[in-house]
Structures are given as C-alpha cells and as structure tokens.
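Examining the three-dimensional arrangement
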Amino acid sequence: MDAGATDHTILVATTRKRDDRPGTLFNGERAEPLDYAKIEISVPATHKAGEIEWASTAPGNPKTDFVVRQATYLDGEKEFVRSLNVQLATRPRGSRKVLIFIHGYNTMFAEGLYRFAQVVHDSKAPAVPVLFTWASRGQLTQYVYDTNSATTARDDLERTIRLVFASDAEQVNILAHSMGNWVTVEALRQIKISGQLPQMSKLGSIFLAAPDIDIDVFKSQMRRFGKPRKPFYIVLSKDDQALRASSFIAGGTSRLGADGDTEELAALGAVVIDMTDVKATDSSNHGKFAQLAEIAPQLASVLEKGVAAKADAAAGAQTAVGDTLGAIVGLPVMILGAPIKIIAGR
C-alpha cells in the first residue's frame, strides 16, 4: 500500500448483472438472484473530504486517486455472511457494527461504490461497510427504468437486511440516498408487515438522505410503521435541484427530500436535518449528505444527546430545555461553516 493511503474493504449485495469487461464487475442491467462481492478500495493521502478523486485513466494512481485494489465475487449468501462475520471479528466486542448503504438514481456501480468509500473514509466509521446496489443504468434519461429497478429490488434488500441482522453484528445502521430511500423504506415496511421481525434491538440509526419519495407515499408508509422507537433521520435541502426535476416528472408532487414542512415530518416521528444553508460541492445540491461524513462524530453527539434527552423527558425525568432536539427547532447548529437546522417532534 502506498504511504498515507487507506484501504477499506466493502462487501456488496446487488441485483445488477455481472459484467466481464475489465474493472467493471457489474453493469446497469437487472439480474437474479442476488449476487455478492468483496472489494478493497484505496483512498489516497491527498483525499479532500466530501470529494471522490477519480482516476483520469484506468487503473488509476493510488497516490492521487480512489483505486480498486482487489475485487472478488462471493459464492452466494452463505459466503457473504461468512465474509461479513470475518470482518466483524476484527472489531472488539461492543463495536461490531454494520453500515448498509443504498445509493440513488442515475448511479453506475463504480459511482455508488466510490461514494460509499468516501463516506466511510471521511466519517472514520468503525462499522463494516455493506453496499446494496440495485440496477440503475446511470443515465439521466433512464428515470422510469431506474424507478422500476428500485421497486424490483425491494425483496432483495429485505433479504440483505435480514442476512445482516442474522450475522454477528451487534448494531446495524442504514444510510440511503435519493431513490435508494424508496427501496429502503419499502423493504422496512415489508419487514414490519410480515410480523417476522429480525432482532430489532440491533437496529441503530436510519438516515434517509435527499429522499426521492412522494411525500404522500412516505406519510402512508410511516402510518404503517407507527411512530418508530428510534427516529428516522431525514437529511434534506430545500434547494435540491435533482428533486425538483423528479417532482416535475412525477406530476408536480412534492418529494420528501425537498419538502418544506419540516414540522410535519417531525410529527411523523422523524428527525429532520436541514442542510439548505450549506454550500454544496455538486451543482444540483443533491449530494450534500456526503459532506456530513466529515463531521459524523460531532453530528452523532448532537443527535444522541437530543434523542436521549427526549426519552428522559417522556419518562418524566428532569431535562434541561436546551438539551432536547425538540427545543432546538429553528435554532442552527454550526457545522461545515454553515447553520444546519435539526428539527424533531416535541
């Protein structure tokens, strides 16, 4: 490994078709059954937080670029779970966590993989990273195809979530972006409806970043869930241009990730992280969630204190008004050089 570079091992569960082209692994076409892989990615010492240093030519320079060091297909779900448990065993007891990432629309395999590697690296997350990647063609003109691919992947994501819960993981966290939220919330809804719940005590945080979900659909999904024991964290930005385009395609209905009624979302049991005032690194303002990775420990501290304080208040304990998330509605937390508003139901 090059001096200063950092390697990350990412496990993959996918509904994509395998691709024999060198360095491609999977393409944007759908395949059955679920397929699996293990990939080692190197992040250069020169990496800038929030960015992906793409190679100008394959295979890339580990000193300056994100580079795939090693990639192997895994032979079915048993080998996937075995590989996951091997990774978990390298963590001390009490720290055996998993982070599942579900990417969004217009995302080729490499884009989802590298974005996840960037988030894992910047956040210094100790969790074992698991990428669930569905068959997006990675083209702006393929919105309908991607929507159908996401819908088709619901059962497979449910299966992946159940496999991770059945592993040696002590905590399972979920991060979804854009259209990946549709797959995620539907899969969680299916688990809820089935009544055959995994060990829900393992469930950690669920982050829905820039969710491309019809706001009325989300409300109906949340009614099925009921108010969750742990809140969903919704990361949104009211200037998200990609979601404005999605809203236009969907006949003008509001998308969850650009919804202005944060109080209503909070009342449904969500904690809203409003990044509208943060300057994005992408022109569409759709990828701001990736910038949160850099300050993940600071953000987690704010959220954990607030949720714990709310729980104490609900139990009748004495709680300082300034400690509850509900009490900081409209008050900014200065992160990334800009005010981020955190809104929760009272």
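Residues numbered from 1 in each chain as written. Predicted model: local features only at pLDDT ≥ 70, side-chain atom pairs only at ≥ 80, totals over all residues. Heavy atoms only, no water.

1. Details of the side chain of K288
Residue placement: K288 occurs in the loop between β9 (270-274) and α9 (289-292). You can call K288 buried: its relative accessible area is 3%. A polar atom in the side chain of K288 sits 3.2 Å from the backbone oxygen of T276. Those residues in contact with K288, other than ones at most four positions away along the chain, are S237, D239, M275, T276, V278, A280 and D282. (Helix = DSSP H or I, 4+ residues; strand = E, 2+ residues; numbered from the N terminus. Buried < 20%, exposed > 50% of the residue type's maximum accessible area, 1.4 Å probe, protein only. Polar contact = N/O pair within 3.5 Å; in protein donor to acceptor, adjacent residues only side chain to side chain. Contact = heavy atoms within 4.5 Å.)

2. Thoughts on the nonpolar core
Counting residues in each nonpolar core, the largest one holds 52 residues, and the members touching the most others are V98, I100, F132 and I161. Apart from the residues lying within four places of it in its own chain, the contact partners of I100 are V130, I161, V164, V172, N173, I174 and L175. Within the second largest apolar cluster, 36 residues are counted, among which are I10, I39, F116 and Y233. (Core = buried A, V, L, I, M, F, W, Y, C linked by side-chain atoms within 4.5 Å.)

3. Topic: the packing of aromatic side chains
One pass over the structure, following the stated rule, counts eight aromatic pairs. Ring geometry for Y105 against Y143: centres 5.0 Å apart, planes inclined by 75 degrees, an arrangement best described as edge-to-face. Placement of the pair is Y105 in the loop between β4 (97-102) and α2 (109-123) and Y143 in helix α3 (residues 143-152), with a sequence separation of 38 residues. On the accessibility criterion, Y143 (12% relative accessible area) is buried. (Phe/Tyr/Trp six-rings, centres within 6.5 Å; stacked < 30°, edge-to-face > 60°.)

4. Things to note about the packing of helix α5 (residues 180-194) against helix α6 (residues 215-225)
At their nearest, the axes of α5 and α6 sit 10 Å apart, and the two run at 30 degrees to each other. Considered as vectors, α5 and α6 are oriented roughly parallel to each other. α6 is crossed by α5, and the crossing has left-handed handedness. Judged by residue contacts, W182, V185, E186, L188, R189, K192 and I193 of α5 engage V217, Q221, R224 and F225 from α6. When the residues that make up the contact of α5 with α6 are grouped by side-chain class, the tally is six nonpolar, one polar and four charged. (Axes fitted to C-alpha atoms, helices over the stretch in contact; angles between N-to-C directions. Parallel < 35°, antiparallel > 145°, perpendicular 65-115°, else oblique. Left-handed = near helix turned anticlockwise from the far one by under 90°. Nonpolar A, V, L, I, M, F, W, Y, C, P; charged D, E, K, R; others polar.)

5. Notes on the pairing of β9
Burial runs high along β9: five of the five residues are buried. Burial along β9 is two-sided: A270, V272 and D274 and V271 and I273, pointing in opposite directions, are all buried. The sheet contact formed by strand β8 (residues 232-236) and β9 spans five bridges and is parallel. Paired with Y233 across the bridge in β9 is V271. (Pairing = 2+ DSSP bridges.)

6. Here's the deal with the pairing of strand β6 (residues 171-177)
Counting buried residues along β6, six of its seven residues qualify, which places the element largely inside the surrounding structure. Here β4 runs beside β6; their pairing, made up of six bridges, is parallel. Paired with K97 across the bridge in β6 is Q171. Here five bridges tie β6 to strand β7 (residues 203-209), and the two strands are oriented parallel to one another. Paired with L175 across the bridge in β7 is F207. A crossover links β6 with its parallel partner β7, the connecting element being α5, and its sense is right-handed. (Right-handed = clockwise from strand over helix to strand, strands pointing away.)

7. Description of the environment of Y36
Along the polypeptide, Y36 turns up in strand β2 (residues 25-43). Owing to a relative accessible area of 2%, Y36 belongs among the buried residues under this scheme. In contact with Y36, not counting residues within four places along its chain, are V12, A13, Y73, L74, G76, E77, F80 and L163.

8. Focus on the confidence of the model for the protein chain
The predicted coordinates should not be examined in detail at positions where pLDDT is low. When pLDDT is averaged along the protein chain, the result is 82; 80% of the residues meet or exceed 70. Averaged pLDDT values for the elements of the protein chain fall to 50 in strand β10 (residues 332-335) and rise to 98 in helix α1 (residues 76-89). Within the model, pLDDT remains below 50 along residues 306-332, and this stretch shows 42 contacts once partners closer than five positions in the same chain are excluded. (pLDDT = per-residue confidence, 0-100.)

9. Brief notes about the side chain of H177
Along the chain, H177 falls in strand β6. A relative accessible area of 12% places H177 in the buried class.

10. Topic: the environment of V120
Structurally, V120 can be placed in helix α2. Since its relative accessible area comes to 4%, V120 is described here as buried. When the C-alpha atoms of V120 and E294 are compared, they prove to be 9.4 Å apart, with 174 residues separating the residues in sequence. Excluding residues that lie within four positions of it along the chain, V120 makes contacts with H8, A125 and P129.

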